[in-house]
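Structure at a glance
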Amino acid sequence: MDSLNQAKIQKFEEFVDRRLKPDLVRAIAERDKVFEQQKIFSDLRKNIENLEQNSVTNLRTLVNLGSEVYMQAEVPDTQRIFLDIGLGFHVEFTWSEALKFISLREEKLERQIEEYTRLIASIKAQIKLVCEGIRELLQIPEEKTVEGRVF
């Protein structure tokens, strides 16, 4: 193998290791954050629906004050709730308004998840393409794929 091919292979490997793999890790981490937000909104929607079905008008609960220190709290009127809408702002909603807001937010989060999934697939395809280029430069025979069942 000549030094020109060696240099190309080195550049390709550095590109994968220094650019594509960190981008992939970052995209997966961002998608995981969106999955966590989606879970929070899904749980909130279920809780509100449960409150509506059971016609709960007041509530006793435990509130986390921080550092896993809890305190009993009583909510005299559960008809209105405050939701964090982002950037430190909280808005007072009725149950129906909150459910509408949550459904809109869940749609937005679903679109973000789809975008991150496409980005992850694109990065993986780029990694595979670069690896295929390295394989060709090294003149390693192509791996045969087996048709039929995969175990």
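Under the annotation held in an unreviewed UniProt entry, the protein carries the name Protein UXT homolog isoform X1 and is attributed to Durio zibethinus.

Right, let's talk about the UniProt feature "coiled-coil region" (unreviewed entry) in the protein for a bit. When the UniProt feature table is mapped to this numbering, "coiled-coil region" (unreviewed entry) covers residues 99–126. Secondary structure across residues 99–126 divides into 100% helix and 0% strand, with the first and last C-alpha atoms of the span separated by 40 Å.

Bringing the pairing of strand E2 (residues 69–75) into the picture now. Of the pairings in the sheet, the one linking strand E1 (residues 59–66) to E2 comprises 7 bridges and is antiparallel in character. Opposite valine 63, over in E2, you have methionine 71 as the bridge partner. Adjacent in sequence and paired antiparallel, E1 and E2 are bridged by 2 residues, among which serine 67 carries a positive phi angle near 55°.

What follows covers the packing of aromatic side chains. Under the defined criterion, the tally for this structure stands at 2 aromatic pairs. Seen in terms of ring centroids, phenylalanine 93 and phenylalanine 101 are 5.3 Å apart; in terms of plane orientation they differ by 25°. Their pairing is stacked. Each of the two residues, phenylalanine 93 as well as phenylalanine 101, counts as buried. Three or more aromatic residues link up through ring pairs in this structure, and these residues are Phe41, Phe93 and Phe101.

Looking now at a nonpolar patch on the surface. A cluster of nonpolar side chains, contributed by Val63, Leu65, Val69 and Met71, occupies part of the molecular surface with about 360 Å² of accessible area. Elements with a minimum of two residues in the nonpolar patch: E1 and E2. Looking at the element boundaries, methionine 71 is found in strand E2. Of the residues examined, methionine 71 reaches a relative accessible area of 48% and is grouped as partly exposed.

Over the atoms rolls a probe the size of a water molecule, and its path tells where empty space is left. Estimated volume of the largest pocket: approximately 330 Å³. Surrounding the largest pocket, 16 residues form its lining, Leu51, Leu59, Thr61, Val75 and Ile81 being those nearest its centre. Listing elements by their share of the lining of the largest pocket, those giving two or more residues are helix H1 (3–53), E1, E2 and strand E3 (80–86). Along the lines of polarity and charge, the residues of the lining of the largest pocket split into 10 nonpolar, 3 polar and 3 charged.

The biggest cluster of nonpolar side chains holds 15 residues, and the ones touching the most others in it are Ile48, Ile81, Leu83 and Ala98. Broken down by secondary-structure element, the contributors of at least two residues to this core are H1, E3 and helix H2 (95–138). For this core, the element with the highest residue contribution is H2, accounting for 7 residues. For alanine 98, the contacting residues outside a window of four places in its chain are Ile48, Ile81, Leu83 and Phe93.

What follows concerns H2. Taking 1.5 Å of rise per residue, 44 residues should cover 64 Å, and H2 covers 63 Å from first to last C-alpha, within 8% of that figure. Among the residues trailing H2, glutamine 139 stands out with phi positive, at a value near 60°.

Next up on the list: the pattern of salt bridges. In this structure the tally under the stated criterion is 9 salt bridges. Of the charged contacts, one joins aspartate 17 and lysine 21 as a salt bridge, the two residues approaching to 3.5 Å between their closest N and O atoms. One end of the pair is aspartate 17 and the other is lysine 21, both in helix H1 and 4 residues apart, which spans about a single turn. Its relative accessible area of 41% is what places lysine 21 among the partly exposed residues.

So, about the environment of leucine 137. When you line up the elements, leucine 137 lands in helix H2. Residue class for leucine 137 comes out buried when judged on its relative accessible area of 19%. Sequence spacing of leucine 137 and leucine 44 is 93 residues, and the spatial spacing of their C-alpha atoms is 54 Å. Aside from chain neighbours lying at most four places away, what touches leucine 137 is Asn5, Lys8, Ile9 and Phe12.

What counts and what doesn't
- Residues numbered from 1 in each chain as written.
- Predicted model: local features only at pLDDT ≥ 70, side-chain atom pairs only at ≥ 80, totals over all residues.
- Heavy atoms only, no water.
- UniProt positions renumbered as here; feature names shortened; annotations may be inferred.
- Helix = DSSP H or I, 4+ residues; strand = E, 2+ residues; numbered from the N terminus.
- Pairing = 2+ DSSP bridges.
- Phe/Tyr/Trp six-rings, centres within 6.5 Å; stacked < 30°, edge-to-face > 60°.
- Buried < 20%, exposed > 50% of the residue type's maximum accessible area, 1.4 Å probe, protein only.
- Patch = residues over 30% accessible without salt bridge, like charges linked within 9 Å, V, L, I, M, F, W, Y side chains within 5 Å.
- Areas by Shrake-Rupley, 256 points an atom, 1.4 Å probe, with all protein chains shown as cover.
- Salt bridge = Lys/Arg side-chain N within 4 Å of Asp/Glu carboxyl O.
- 1 Å grid on protein atoms, 1.4 Å probe; cavity = no way out; pocket = protein on both sides within 12 Å on 5 of 7 lines; lining within 4 Å.
- Points joined across faces, edges and corners; volume = space filled by probe spheres on them.
- Nonpolar A, V, L, I, M, F, W, Y, C, P; charged D, E, K, R; others polar.
- Core = buried A, V, L, I, M, F, W, Y, C linked by side-chain atoms within 4.5 Å.
- Contact = heavy atoms within 4.5 Å.
- Expected span 1.5 Å × (residues − 1).

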